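Spelled out, the chains give:
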Amino acid sequence: MGGSHSRILHRSLRADLPTATHGSGPYLFDQAGRRYLDASGGAAVSCLGHSHLAVIEAVVNQIKSLPFAHTSFFTSEPAERLADFLMARAPRGLSRAAFVSGGSEAVETAIKLSRQYWLERGQPSRAWIVSRRLSFHGNTLGALSVGGHLARRERYLPYLLDKVEFISPCYAYRDRREGEPDEAYGLRAANELEAAIDRLQPDNVAAFIAEPIGGATAGCLMPAPGYFTRIREICDRTGVLFIADEIMCGMGRTGTLFACEQEGVAPDLVAIAKGLAAGYQPLGGVLVSDAIVRAIENGSGMLGTGHTYMGHAVACAAALAVQLAIEEEHLLDNVRRMGALLERRLRDRFGSHPHVGDIRGRGLFWALELVEDRATKKPFDPGLELYRRVKREALRQGLICYPSGGAFDGTCGDHILLAPPYIIDESHIEELVRLLSIGLDAALASLQQPAAARAGRKRPG
Ligand SMILES: Cc1ncc(COP(=O)(O)O)c(C=O)c1O
């Protein structure tokens, strides 16, 4: 299904999508009975796999008792308990949570709260947002405006916000100079924020937004040591708010509940989604510092933004059950243990692969950057759409991974993102690496075939 017979406007109007029917642990199954190891949780979503009974029960029980009550009239127990749970574990200074329906809404809310904070403080000139190239913060127009994914932005440029300034990401593989120590590189990259704020003048800048580990655009871009410490210092000196977008890298994905914990910094706002409710329900959230809460409380007393499905009781019940399961089943220990094994196995298998330029990540969040030439780091011709071939060939092998284009400059460059569920064991890792290796080599081999032969290939039955 999913081809020309479907009445759904699918993401691709050419793809013939299999119909997913059910899941079991880290596996998904389709109508034809094929099994897929979900090694990317779709797009870093399904962190508990696909059949967690306690989460399913929590959803069913919540729907039976209270499916929905609008948040302008009521609060709900699951939303309150989820907020309590997260705030008890959040980085210092954060004190309240707002729940929305997904990542893009979370980023929109974080941007609007930053703006509202400065209005409540009587500084209306603070409007600019500083972001990083090769970032991704969502596809709604506000979130897209502050994202640095060129290909996703391009069509909508006439509608995007203009008060957004971009600096370089922290991208050691491409930007660290020969012989430059990691710390010096991190400092140099972070100082671009200071230069941008000085250029715009601090009184005009509302916030800086960054993914602690860059996800979708360039694949697990890791902060250099000290990078975020310096970012925090710059934000403190200039008053600029620091928004951490942990939608992909947060909620345990890197081995700690919040990715920024391992950088030793506390943001002013943290956007979360994906692993928060692990795909059992759609949910995003923004955690907000006490200073911002106080400014609003002592000022207008009202949030300037809202959505119909804010704080949805069933979605919050699912997220609470997910977070309790992660804690009670000690799954972050497993993320760290299996993450270390995954790293070793990726380095063993791909460390000297002629077309794998870089292997980077943390916890169960890893990426391979693909290059035509390891010595020069030259990316593949984007016209070859290597990342799409990898996705297709991996799927043919029964492996779901998340390859994307744009890692080099936003339009060319290919990488493969891996984000397997926190419940995986050694055997799943062996299977993942084996299937990925076959899929990658098949995709590379397909580059050698004439176009007509490639078009004639079909999915095996
Ligand atoms: C870092 C980051 N921010 C925001 C988003 C947008 O989230 P959503 O697709 O739930 O709107 C994504 C989605 O991939 C993301 O990776």
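Source: prediction; values computed, not measured. Numbering of residues starts from 1 in each chain and follows the order in which that chain's sequence is written. Predicted model: local features are reported for residues with pLDDT of at least 70 only, side-chain atom pairs are reported and counted for 80 or more only, and whole-chain, interface and lining totals are derived from all residues. Each side-chain value is worked out from all heavy atoms of the structure, with water and hydrogens disregarded.

1. Brief notes about unusual backbone geometry
Notably, Met251 is not glycine yet its phi reads approximately 60 degrees, a positive angle. Secondary structure follows DSSP: runs of H or I at least 4 residues long count as helices, runs of E at least 2 residues long count as strands, and numbering of each begins at the N terminus. Mapped onto the elements, Met251 comes out in the loop between β8 (241–245) and β9 (269–272). Partly exposed describes any residue whose relative accessible area lies between the buried limit of under 20% and the exposed limit of over 50%, with all areas from a 1.4 Å probe on protein chains only and scaled to the type maximum. In this structure Met251 comes out as buried when scored by relative accessible area, which is 0%. If you check the backbone angles, Lys377 has positive phi at about 65 degrees while not being a glycine.

2. With respect to helix α4 (residues 103–120)
One fewer than the residue count of a helix, multiplied by 1.5 Å, yields its expected span. Compared with an ideal rise of 1.5 Å per residue, which puts 18 residues at 26 Å, α4 spans 25 Å between its outermost C-alpha atoms and is within 8% of the ideal. Counting buried positions along α4 gives 13 out of 18 residues, so the element sits mostly inside the fold. Looking at the residues trailing α4, positive phi occurs at Gly122, about 75 degrees.

3. Side note on the side chain of Thr238
As for its placement among the helices and strands, Thr238 is situated in helix α9 (residues 227–238). A residue is classified by how much of its surface remains accessible, and Thr238, at 6% relative accessible area, is buried. Not counting residues within four places of it along the chain, the set of residues in contact with Thr238 comprises Arg126, Ile197 and Pro202. Note on contacts: a residue pair qualifies if any of its non-hydrogen atoms lie within 4.5 Å across the two residues.

4. Describing the site of the ligand
Each residue is tested against the molecule or strand, and it is near if at least one of its non-hydrogen atoms lies within 4 Å. Taken together, the residues surrounding the ligand are Gly102, Gly103, Ser104, Phe136, His137, Gly138, Glu211, Asp245, Ile247, Met248 and Lys274. At 3.5 Å, a backbone N or O of Phe136 approaches a nitrogen atom of the ligand. The term polar contact refers here to a pair of N or O atoms within 3.5 Å; inside protein, the definition further demands a hydrogen-donor-capable atom paired with an acceptor-capable atom, and it admits residues adjacent in sequence only when both atoms are side-chain atoms. Side-chain polar atom of Lys274 to an oxygen atom of the ligand: 2.9 Å apart, as the coordinates give it. In these tables, accessible area is a Shrake-Rupley quantity obtained with a 1.4 Å probe, and a residue counts as shielded only by the protein chains included in the view. Notes on the ligand: free accessible area 390 Å², of which the protein chains cover 81%.

5. Points about the domain arrangement of the protein chain
Here the protein chain is described as being made up of domain 1 (20–51 + 330–456) and domain 2 (54–328). In this entry, domain limits derive from an automatic or database-based domain assignment. The straight-line distance from the C-alpha centre of domain 1 to that of domain 2 is 26 Å. Across the boundary between the two partners, domain 1 contributes 41 residues, which contact 41 residues of domain 2. Overall, the association of domain 1 and domain 2 removes approximately 3,300 Å² of surface from exposure, summing both partners, and the carbon and sulfur fraction of that is 56%. By convention, the term buried area covers the 1.4 Å-probe accessible surface removed from two parts as they join, with the contributions of both added. In terms of surface lost to domain 2, no three residues of domain 1 exceed Leu48, Arg362 and Phe365, which account for 22% of the buried area on that side. Within this document, salt bridges are pairs made up of a side-chain nitrogen of Lys or Arg and a carboxyl oxygen of Asp or Glu, the two lying within 4 Å of each other. Linking domain 1 with domain 2 are 2 salt bridges. Here Arg362 makes a salt bridge to Glu263, at a shortest N to O gap of 2.8 Å. Across the domain 1-domain 2 interface, the total number found is 22 residue pairs in polar contact (both at pLDDT 80 or more). Looking at the side of domain 1 that touches domain 2, the elements with two or more residues in it are α1 (41–44), α12 (331–350), β11 (356–362), β12 (365–370), β14 (402–405) and β15 (414–418). Broken down by element, the side of domain 1 that touches domain 2 gets its largest block of residues, 5 residues, from β11.

6. Brief notes about the pairing of strand β5 (residues 128–132)
Regular strands place side chains that alternate from one sheet face to the opposite one. Across the 5 residues of β5, 4 count as buried, placing the element largely inside the fold. Paired strands, as defined in this entry, are two strands with at least two bridges between them according to DSSP. Here β5 pairs with strand β7 (residues 205–210) via 3 bridges, running parallel. Bridging from a neighbouring strand, Ile129 pairs with Ala207 of β7. Both β5 and strand β6 (residues 164–167) contribute to a ladder of 4 bridges, which runs parallel. Bridged to Ser131 within β6 is Phe166.

7. Quick notes on the sheet that holds β15
The 4 strands are arranged β11-β12-β15-β14 in an open sheet whose pairing can be described as antiparallel. The open sheet has two free edges, formed respectively by β11 and β14, since each of these has just one partner strand. Sheet twist, expressed as the average angle between the axes of neighbouring strands with direction ignored, equals 20 degrees. Where helix α13 (residues 386–396) meets the sheet, its contacts fall on β12, β14 and β15, and the angle it forms with β14 comes to roughly 165 degrees. Here, axes are lines fitted to C-alpha atoms. For helices the fit covers the stretch in contact, and angles between N-to-C directions go from 0 to 180 degrees. Sheet contacts for helix α14 (residues 426–446): β11, β12 and β15; angle to β15, the most-contacted strand, approximately 160 degrees.

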